[in-house]
Amino acid sequence: MITLTGNTIYLRALEPEDLEFIYAIENNESVWEVSNTQTPYSRFLIRQYLENAHQDIYEAKQLRLAICLSDTFEAIGLIDLFDFDPKNNRAGVGIVISNESNRNSGIGSEALQLVINYAFNQLQLHQLYANIGSDNEISKQLFTKFGFQKIGTKKDWIKVDNIFKDEILFQLINN
């Protein structure tokens, strides 16, 4: 079981008890743009996902961790390593904080730092990347704060409300 501990938060593996929390995040249409979701998820599908959440990152090709507050143990977000490619030692990284009141408080920074350290030190990855909508200034600031560099723009990549938006690819190389 993975538990990564920071100052105000810790990251932990998903538990069956996270069903309603994940259901709420996955069905929150305001985050569908960043998660490439187009339809709601059922509790049944999320329950099946949680039953397989014990799979190793080498088997599942992803690792999703709950972001929890250290003082209350409350899950307030998720952070993922996805598209894990062990041959080329890379993975994508994504983060969502469920409640707006917990955003812009340093929690995302702390979670991202923990995942970067884990990816580079434990998994021995060579690089991480993030796909960020061109209008998502907060995410761009978060990732560039940790040294992610803009390496390209995917033009008209995301369609939202019948409008095409660019998506920027950011990359962090482990030196």
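A brief report on the enclosed structure follows. (Residues numbered from 1 in each chain as written. Predicted model: local features only at pLDDT ≥ 70, side-chain atom pairs only at ≥ 80, totals over all residues. Heavy atoms only, no water.)

Some details on a nonpolar patch on the surface
The condition is simple: Nonpolar side chains (Val, Leu, Ile, Met, Phe, Trp, Tyr) are joined into patches within 5 Å and like charges within 9 Å, using only residues with over 30% relative accessible area and no salt bridge. Only the protein chains shown count as cover for residues, with accessible areas throughout obtained via the Shrake-Rupley method and a probe of 1.4 Å. We count a salt bridge whenever a side-chain nitrogen from Lys or Arg sits within 4 Å of a carboxyl oxygen from Asp or Glu. Only DSSP runs of H or I with at least four residues qualify as helices, and only runs of E with at least two residues qualify as strands; both kinds are numbered from the N terminus onward. A simple rule labels every residue: compare its accessible area, found with a 1.4 Å probe on the protein chains alone, to the largest value its type can have, and call it buried under 20%, exposed over 50%, or partly exposed in between.
Residues Tyr41, Phe44 and Leu45 make up a contiguous nonpolar surface patch of about 300 Å² in total accessible area. Along the chain, Tyr41 turns up in the loop between helix H2 (32-35) and helix H3 (43-51). A relative accessible area of 35% means that Tyr41 is categorised as partly exposed.

Remarks on the pairing of strand S8 (residues 163-173)
Walk down a regular strand and you will see the side chains alternate between the two sheet faces. Stated precisely, the cut-off is as follows: Pairing between two strands is assigned when DSSP locates at least 2 bridges connecting them.
Sheet topology places strand S6 (residues 127-133) next to S8; seven bridges connect them, and they run antiparallel. Pairing of Gly133 across the sheet is with Glu167, part of S8. Pairing of strand S7 (residues 149-160) with S8 involves eight bridges; the strand directions are antiparallel. Note on S8: the bridge partner recorded for Ile158 is Lys165. In sequence, S7 turns back onto S8 through a hairpin of two residues, with Asp161 there showing a positive phi of about 50°.

Re the packing of aromatic side chains
Our working rule: In this analysis, rings of Phe, Tyr and Trp, with Trp reduced to its six-membered ring, are considered paired at centre separations within 6.5 Å, and the interplanar angle assigns stacked below 30 degrees, edge-to-face beyond 60, and tilted for intermediate values.
A full pass over the atoms with the stated rule returns four aromatic pairs. Here Tyr58 and Phe84 contribute two aromatic rings whose centre-to-centre distance is 5.0 Å and whose plane-to-plane angle is 85°, an arrangement assigned as edge-to-face. One end of the pair, Tyr58, is in helix H4 (residues 57-60); the other, Phe84, is in strand S4 (residues 75-85), and 26 residues separate them in sequence. Looking at Tyr58, the relative accessible area reads 42%, which means it is partly exposed. Look at Phe82 and Tyr129: their rings are 5.8 Å apart centre to centre, the planes differ by 80°, and that puts the pair in the edge-to-face class. One end of the pair, Phe82, is in strand S4; the other, Tyr129, is in strand S6, and 47 residues separate them in sequence.

Looking at helix H5 (residues 107-122)
An α-helix turns once every 3.6 residues. As a result, residues three or four positions apart point the same way. To be explicit about the condition: The span expected for a helix works out to 1.5 Å for each residue beyond the first.
Relative to the 22 Å expected for 16 residues at 1.5 Å per residue, H5 spans 22 Å between its end C-alpha atoms, a close match to the ideal helical length. Of all 16 residues making up H5, twelve are buried, and the element is well covered by its neighbours. Backbone geometry just downstream of H5 places Gln124 in the positive-phi region, at approximately 60°.

Things to note about the environment of Trp157
Threshold: Any two residues whose heavy atoms approach within 4.5 Å are treated as being in contact. Distance and chemistry together define a polar contact, namely a pair of N or O atoms within 3.5 Å, with one atom able to donate a hydrogen and the other to accept it when in protein, and with adjacent residues in sequence counting only for side-chain atoms on both sides.
Tracing the backbone through its elements, the reader meets Trp157 in strand S7. For the pair Trp157 and Gly133, spaced 24 residues apart in the sequence, the C-alpha separation amounts to 8.9 Å. Not counting chain neighbours up to four residues away, the residues in contact with Trp157 comprise Lys165, Asp166 and Glu167. Polar contacts involving the side chain of Trp157 include one to the side chain of Glu167, which spans 3.5 Å.

Here we look at unusual backbone geometry
You will see that Asp83, though not glycine, has its phi angle at about 50°, which is positive. Inspection of the secondary structure puts Asp83 in strand S4. Within the chain, Asn162 stands out as a residue other than glycine whose phi angle is a positive 65°. Considering the arrangement of structural elements, one finds Asn162 in the loop between S7 and S8. Exposure remark for Asn162: the relative accessible area of 65% places this residue in the exposed category.

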